[in-house]
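What the coordinates show
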Amino acid sequence: MALARVAGLVAASPVAAAVAQIDPRPLGEHRRVLSLAEVQTAFDFEPVFHGNVILPVYDYTAHGDGSEFTLRRNRQAFDWVDILPSRAAIPASQVDLSSELLGLKMKFPIIVAPTAAMVPLHPDGEIGMFKAATAASNTLMILSTNTSTPVAQVAPASPGGTLWAQFYPLQSLAATQQWMDTYQNAGAGGVIVTIDQQASYYERTQQDRNFGGRVARTAGPGAGAGSGTAVLTGAARYRINSGRLWYTWQYIDAVRKMVKGPLLIKGILDPQDAGMAIDHGADAIIVSNHGGRSMDYGPSSLEVLPEIVAAVNGRIPILFDSGIRRGTDIFKALALGANGVMIGRTARWGLAAFGTAGAQRLIEMLQQELVQVSAAAGCAKLSDIGKKAVKANFV
Amino acid sequence: MPDDETIVAGKTNPPEGVASRRQTLGMMGTAAATSMASTAMPALGAPAAPPFREPTPPPALVPRADLVNVLEYESQARRMLGPAKVAPILGSDRTVTDRITLRPRMNIPTRDLDLTMTLFGDQHFTPIIVGPMADQKRFHPDGEIATARGASAAKAAMVVSSDASVPLATIAQAVTTPLWLQVYAKGPKVKDVLAEASAAKAKAVIVTVNAGTSASGPATPASERIDWAAVDAVVKDTALPVIVKGITRPQDAKEAVARGARGVVVSNYRGGNAAALAGTLLLVAPVVQAIGDQIPVLVDGSFRRGTDILKALGFGARGVLIGRPVMWGLAAYGADGVQSVVEMLQTELARYMCMCGRPSLAAVDPSVLRVHAPLLQTRNNRG
């Protein structure tokens, strides 16, 4: 009885009235998730993506090798390049960044990079991403070998679009031939061979997995000595998976013979390797550190781009990836000598946040940003975006 | 460090389980408990029963297999030892290593990766050696014995401090890998210690110069010069190879060679419970250039990752001594922790050797490295 009386008093008081108000903070409404109509930059997609997926899926996209020094450096490197407005600004309507890459006409030098399993990101999956890329001015999409939708289903899903496919070397040439047949029969003309990530370890992903024991853990380097009595040799003695440690340039020769269309080598970070790729028949190389997922304490892709451009010396096109989030980032890579760029994580943010429409919006956003910065820097066409447009302050 | 928050929480509050149990006990009521105790007063003259004490459960540690890098062992050691005991082994310097990147190379087969090396006639599984740390019973009840077992399980050589908390002969029985002994140039009874080393079949003697007389003593001023006469005495008093530890300059390294040293350790450790000192990576190359073709150059100081070790090898070091991380493993998990820490570093070194296309230690040269100016302040590119 007494309690009820106290409760009545409290309910009648002005204090309780204030408590009952819905969120008195003036910016309260901004705490909700952005809608597709509200996103302003690629960065806005990331928290929406984070909110949409379960932790292992987020981790797979977000994290890199080891301590993620290189993952961070990829972003830092863009800050070390300044854009110099050396020409008079022009209206954005005068900018035409179309080009031709290995026989493929592109309206913008932007390509969707191969990234694994998109269905866990969003039910639209790879088909949604391909439709988005096609809708965004016929952007080329490269399908990952670890796709969650078979290439035979993805390729015909977006009429008029272009799909190329990526794969990791397989020691069996017969198995390699099988992949090549599958790709080329499905209509994926260009083939990308990824040669990095020989022994990578997603340490941060592992940390999150172990946290709370939500996911069964896999044996990491801390799991102790290899069990069993088998006598280990070579790299296996040091508890690393030696499954990818056989890679050779001779294998690239063999793949070259199997690929009728363009052959691209992805994961080049050294001028000597660029030369080797050309010697072994690559039609283009992709300067990439796998978005910081390949080797911790390796260089950012951007800081090694100029020396690779110098070594290649125009013999074959050079694509660039790792860390692109903005039009200015793309502009910097192009100015340092890349013929085009690929977006991996960023495209995934778009798809995971808002499905096909999100991915399309994200690609178009980058295209627009690139046009805007090109106009501001007075570059009317792709060949205007050159060394003079930037000043690199790499340390 | 992602763990920092946990660590801070661990410092101020006891681990979760402990806290809740104590609270439960408190809620039962101090008043109630005392009144019960007073009614059950023992008869006059009988010895008073000791007051009831809740046994302190060991701190909750993360399962060892869940740790993914060596730095995570530091927070576990902190949780285990508490802030005062862990202080001498805390800290890392990442500023120097963060200025150096590695050059990845592709399509070079490394399946037959071989990290073995030979030093003073012994084959080592990897160039990673457990460094000397004094009085290891400070960190684990088994002290050096546990370290010796862990190092041996990881097939790594071990350096025993002359200030060890366990007799050298006992430690020698626990190891299956090469055992080295570390002495201070100006330490007491050096002669006796050296005799002990020979008796324990130690394979080399490290003489630490430029340091205080003991690990817990005061730091020697930086200006103090190396006491070469003391080094001479050690070289004279033992038949074992003598390694001079504490070299930072090429001219000192040359002097060490002239005095009969069979190896040097580039190190800026000056004794005492110093915080982690600046990384020594950039001191290695000049020393190697001066004497590398005559005697092996080893290095210690803030090696926390396989990439750090690969960088030292790139500058020409033949091996790396690991100190604090091994103690973190020891403090938290005993011999198993020591083994895990060493194995983790071995695995990481192997990993990055492969990705840099270096199938053996002989294939590691300065071309694996790129040294950069200190990192610029990053701007916010989110505009």
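Figured I'd write up the structure that's included with this text. Within any chain, residue numbers begin from 1 and follow the written order of that chain's sequence. To label them, take the chains in the order written and letter them from A, then take the ligands in the order written and number them from 1. Side-chain atom pairs in this predicted model are given and counted only at pLDDT of 80 or more, local residue features only at pLDDT of at least 70, and totals for whole chains, interfaces and linings cover all residues. The side-chain figures draw on all heavy atoms in the structure; neither hydrogens nor water molecules are used.

Moving on, we come to helix H8 (residues 173-186) of chain A. Each full turn of the α-helix corresponds to 3.6 residues, which orients residues three or four apart in the same direction. Residues and elements named next belong to chain A. Taking 1.5 Å per residue as the helical rise, H8 with its 14 residues ought to reach 20 Å, and the 20 Å between its terminal C-alpha atoms agrees with that figure. Here a polar contact means two N or O atoms within 3.5 Å. Within protein one must be a hydrogen donor candidate and the other an acceptor candidate, and residues neighboring in sequence count only if both atoms are side-chain atoms. A run of H or I in DSSP becomes a helix once it reaches four residues, and a run of E becomes a strand once it reaches two; helices and strands are each numbered from the N terminus. Its side-chain oxygen at 3.3 Å from the backbone nitrogen of Ala-174, Ser-172 defines the N-terminal cap of H8. Gly-187 sits one or two residues past H8 and shows a positive phi near 100°. Expected helix span is taken as 1.5 Å per residue step, with the number of steps being one fewer than the number of residues.

Salt bridge, as applied in this entry: a Lys or Arg side-chain nitrogen positioned within 4 Å of an Asp or Glu carboxyl oxygen. Per the stated rule, a full pass over the model turns up 24 salt bridges over all chains. Residues Asp-384 of chain A and Lys-381 of chain A are paired through a salt bridge, measuring 3.3 Å at the closest nitrogen-oxygen approach. In this structure, Arg-94 of chain B and Asp-308 of chain B form a salt bridge, with 2.6 Å as the shortest nitrogen-oxygen distance. Of the two residues, Arg-94 of chain B sits in the loop between helix H4 (71-86) and strand S1 (100-102) while Asp-308 of chain B sits in helix H11 (residues 306-314), which places them 214 residues apart along the sequence. Judged on exposure class, the residue Arg-94 of chain B and its partner Asp-308 of chain B are both buried. Here the salt bridges do not stand alone but share partners, grouping Asp-270, Asp-273 and Glu-307 of chain A together with Arg-103, Arg-105 and Arg-370 of chain B into one network. The buried label applies to any residue whose accessible area, calculated with a 1.4 Å probe on protein chains only, is under 20% of its type's maximum; exposed applies above 50%, and partly exposed to all values in between.

What follows concerns the environment of Ile-291 of chain B. Residues and elements named next belong to chain B. Residue position: Ile-291 is located in helix H10 (residues 281-291). Classification of Ile-291 by relative accessible area gives buried; the value is 0%. In the structure, Ile-291 is positioned 35 residues away from Ala-256 in sequence and 9.4 Å away in space, judged by C-alpha atoms. Every residue pair with non-hydrogen atoms within 4.5 Å of one another is taken to be in contact. Sequence-distant contacts of Ile-291, that is, excluding residues within four places in its chain, are made with Ala-253, Lys-254, Val-257, Val-264 and Val-297.

Attention now moves to the packing of aromatic side chains. Any two rings among Phe, Tyr and Trp, with Trp reduced to its six-membered ring, count as a pair given centres within 6.5 Å; such a pair is stacked if its planes are under 30 degrees apart, edge-to-face if over 60, and tilted if neither. In the structure shown here, the tally under the stated rule is eleven aromatic pairs over all chains. Measuring from centroid to centroid gives 6.2 Å for Phe-78 of chain A and Phe-320 of chain A, while their planes differ by 85°, and the two rings are edge-to-face. Taken as a pair, Phe-78 of chain A in helix H5 (residues 69-79) and Phe-320 of chain A in strand S10 (residues 318-320) lie far apart in primary sequence, 242 residues in all. Residue classification places Phe-320 of chain A among the buried positions, given a relative accessible area of 0%. An aromatic cluster of three or more residues is present, and its members are Trp-246, Tyr-247 and Tyr-251 of chain A. For a lysine, the NZ atom is tested; for an arginine, the CZ atom; a charge sits over a ring if that atom is within 6 Å of the ring centre and within 35 degrees of the ring normal. Sitting over the ring of Tyr-60 of chain A, Arg-293 of chain A keeps its end group 4.6 Å from the ring centre. Just above the ring of Phe-125 of chain B sits the side chain of Lys-155 of chain B; from NZ or CZ to the centre is 4.3 Å.

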